[in-house]
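# Observations on the three-dimensional arrangement
Spelled out from the first residue to the last, the chains are:
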Amino acid sequence: MSSLKFDVAVIGGGPAGLAAALSARTAGAKDVLVIERDRELGGILQQCIHNGFGLHRFHEELTGPTYSGRFIRQVKADAGITVWEDTLVLEVRNDKTIWAINPQQGLIGITAKAVVFAMGCRERTRGAIRIPGLRPAGIFTAGAAQRMVNMEGYITGKKIVVLGSGDIGLIMARRMTLEGAKVQAVVELLPYSNGLTRNVVQCLEDFGIPLHLSHTVSFIHGKDKITGVTVAAVDQDRNIIPGTEFELDCDCLLLSVGLIPENELSRGIVDLDGLTSGPTVNQYRQTSYDGFFAAGNVVHVHDLVDFVSEEGDIAGKFAALYAQGKLPTATNVVAVKAGQGIRTVVPQRISWPDSSGKVRLFMRAQEPAVRVKLKIAAGEDVLVERQLPIARPGEMIVVDVPFDKIPDCTQEISVTLQAVQGGGLRE
Amino acid sequence: MNNQEQKASKRLTCIVCPMSCVGEVEIADNQIVRMVGFTCKRGQEYAKNEVTAPKRVLTTTIRISKGVLPLLPVVSQTPLPKEKIIECARCLANITVKAPVREGDAVYKDILGLGVDMIASRDIEAVGK
Ligand SMILES: Cc1cc2nc3c(=O)[nH]c(=O)nc-3n(C[C@H](O)[C@H](O)[C@H](O)COP(=O)(O)OP(=O)(O)OC[C@H]3O[C@@H](n4cnc5c(N)ncnc54)[C@H](O)[C@@H]3O)c2cc1C
Ligand code: SF4
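The rules behind these values
- Residues numbered from 1 in each chain as written.
- Chains lettered and ligands numbered in written order.
- Predicted model: local features only at pLDDT ≥ 70, side-chain atom pairs only at ≥ 80, totals over all residues.
- Heavy atoms only, no water.
- Helix = DSSP H or I, 4+ residues; strand = E, 2+ residues; numbered from the N terminus.
- Rg over C-alpha atoms; globule rule 2.2 N^0.38 Å.
- Contact = heavy atoms within 4.5 Å.
- Areas by Shrake-Rupley, 256 points an atom, 1.4 Å probe, with all protein chains shown as cover.
- Lys, Arg positive; Asp, Glu negative; His and termini not counted.
- Charge placed at Lys NZ, Arg CZ, Asp CG, Glu CD.
- Buried < 20%, exposed > 50% of the residue type's maximum accessible area, 1.4 Å probe, protein only.
- Arc of directions from axis to C-beta.
- Core = buried A, V, L, I, M, F, W, Y, C linked by side-chain atoms within 4.5 Å.
- 1 Å grid on protein atoms, 1.4 Å probe; cavity = no way out; pocket = protein on both sides within 12 Å on 5 of 7 lines; lining within 4 Å.
- Points joined across faces, edges and corners; volume = space filled by probe spheres on them.
- Nonpolar A, V, L, I, M, F, W, Y, C, P; charged D, E, K, R; others polar.
- Buried area = accessible area lost by both parts, 1.4 Å probe.
- Salt bridge = Lys/Arg side-chain N within 4 Å of Asp/Glu carboxyl O.
- Polar contact = N/O pair within 3.5 Å; in protein donor to acceptor, adjacent residues only side chain to side chain.

Looking at an unreviewed UniProt entry, chain A carries the name Pyridine nucleotide-disulfide oxidoreductase, with the source organism given as Anaerosporomusa subterranea.

This is the structure in structure tokens:
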């Protein structure tokens, strides 16, 4: 067993963790450790071989591996960053001791002055949505199938049904088609797809794959191996409408039914937000417990990796300042609350004193709507008001609040989304 | 000249911005004669390309031998004609390259004679390196 000390320890080597490690170094951390359980750095992006990453950050459309490759090279070139791959963090204690394990070193105890959580998220499984039927082989989460097809060289089936029409489900429908499988349909519980229109067009319409909105899989057939599914329409309350059932043959069901921030390690140390399922953070991505920071999908599920990297930059910088004793303790804390029309907002707190000049808020709308007004206010004081031509729960709303506009005696800032004339819910 | 006028109209969704306008393009004699529903210039340009010469970037994998992974992700250097996408994917299913490969390497040149190279989108080291 070995024991080691670092200024900043980053748990998770995906885009959030890589950006955090680099910015911690820029902000003066002498030694930074990145711990990754996979055999290589890069996180989920290594399996996202499609393009569309990096438009904000690099102004070009990169594939997932190309995007993460740019960060991996920088991290590996920095002698002040230690990388442990194939290393699983088992436990983190509130005195910032980290217990990890790998085949070379065995059990390792590390202490850090600051810790950045960057463990990403995991997918909801069949158990989480309780579809009736037996337990045949052939049911995968879309992300697991993506890894098998794109990295490991296995195909999960030849006749496929996809449940869930978020971007991952849509992209996998196209991917399986290109690999020679027949995608029977994509089935979506909600009356709209949460994926980008671009993906609905280029992943489904291009290949003539049917999308059944307001439908769900009501039964899984097959005993040892899946043989098909029953699909049924649902009403407004998401209850199955009797008599609408139809059957689809398949040898594989891909579930793309939501992502949950992976907080097994942080739970118990820091406060979690019931709606995002991630730690509550302030504008520095500092959690409720001093010296613990968080970034990326562990905080809230992002749709654009560019914002994940940006969050990593922030968390890494302030973790480094904390480790050097340069982050002042908060003299005043303002709560940021999601009001009418808004489901989640990050950060959930703003701390004084501030050194960032502006606070960037990331919000998700409750429901899709056209022509809405986003209002960020402290009581009667309107800090930011903006008309949005469209709001969709699948796309984060990003707005900067200039710090000097926030009244210094305020306790709470609220964010609301209201329909303006001629607007409202989308058809 | 073709005096039998070929008229067809196509509904499509614009993907240029999140507004996702749905519009219609009418074509007669391979010419766009009418276009409605696309509310801005960028959208009209998109719709025009989409009905005359739709193109897509192809991302897929190629087998790689002696690499730390069995598959190499690749991307087409420029967008390919949409109707050739499946054919290109099938063609790449029969190819094997050898590790090591560097991101940016043109691993398969001039796919189906379309003048477009397939580019490795990551590094893959050789085993035992
Ligand atoms: C399947 C999928 C498809 C996506 N497609 C797109 C897309 O097309 N375009 C786009 O812009 N965004 C996409 N995203 C979103 C974007 O890629 C992610 O938001 C981003 O990769 C998240 O980065 P991250 O660093 O927070 O998490 P991750 O990339 O998930 O990295 C977390 C890392 O932490 C490691 N880890 C977790 N627990 C431990 C532990 N206990 N010990 C050690 N290591 C640990 C994991 O192995 C992993 O490598 C997709 C996300 C998913 C899940
Ligand atoms: S037509 Fe213009 S406004 Fe409408 S979706 Fe396309 S780019 Fe956006």
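Following the structure, the description resumes.
### Description of the overall build of chain A
In terms of regular secondary structure, chain A is built from eight helices and 27 strands. Relative to the compact-globule value of 22 Å for 427 residues, chain A shows a C-alpha radius of gyration of 22 Å, a close match. Overall, chain A is about 65 × 60 × 40 Å in size when its C-alpha atoms are taken along their principal axes. Counting only contacts in chain A whose residues sit at least 6 apart along the sequence, the fraction spanning at least 24 positions is 64%. Accessible surface, chain A as shown: approximately 17800 Å² in total, 50% of it carbon and sulfur. Positive and negative charge centroids in chain A, built from 44 and 47 side chains respectively, lie 2 Å apart.

### A few points about helix α2 (residues 85–92) of chain B
Restricting attention to buried positions, one finds in α2 of chain B the residues I85, C88, A89, C91 and L92 of chain B. Relative to the axis of α2 of chain B, the buried residues are bounded by an arc of 160° and lie together on one face. On its buried face, α2 of chain B is in contact with α6 (167–178) of chain A together with β4 (55–56), β5 (59–65), β7 (80–81), β9 (106–108) and β10 (118–120) of chain B.

### Points about the nonpolar core
All names here are of chain A. Core analysis: the largest hydrophobic core is formed by 38 residues, its most contacted members being V8, V10, V32, Y67, I81, V116 and F293. At the level of elements, β1 (2–11), α1 (15–26), β2 (32–35), α3 (64–77), β8 (106–117) and α8 (305–323) are the ones that each hand at least two residues to this core. At eight residues, α8 tops the list of elements feeding residues into this core. Within the second largest apolar cluster, 27 residues are counted, among which are M363, A378, V399 and F403.

### Side note on empty space enclosed by the protein
The final tally for this structure, using the stated rule, is one cavity of 30 Å³ or more. In this structure, the largest cavity encloses a volume near 30 Å³. Considering the residues around the largest cavity, the lining is formed by Q46, I49, N150 and M151 of chain A together with L69, L71, P73, R122 and I124 of chain B. The set of elements that each furnish at least two residues to the lining of the largest cavity consists of α5 (142–152) of chain A together with β6 (71–76) of chain B. Its residues placed into classes, the lining of the largest cavity shows six nonpolar, two polar and one charged.

### A few points about the interface of chain A and chain B
Every contact between the two is made by 31 residues of chain A and, on the other side, 28 residues of chain B. Between chain A and chain B, the buried area comes to about 2400 Å², and carbon and sulfur atoms account for 54% of it. Taken together, chain A and chain B are joined by five salt bridges. On the surface where chain A and chain B come into contact, there are eleven residue pairs in polar contact (both at pLDDT 80 or more). At the level of elements, α3, α5, α6, α7 (197–204) and β25 (381–391) of chain A are the ones that each hand at least two residues to the side of chain A that touches chain B. Of the residues belonging to the side of chain A that touches chain B, the class tally is nine nonpolar, eleven polar and eleven charged.

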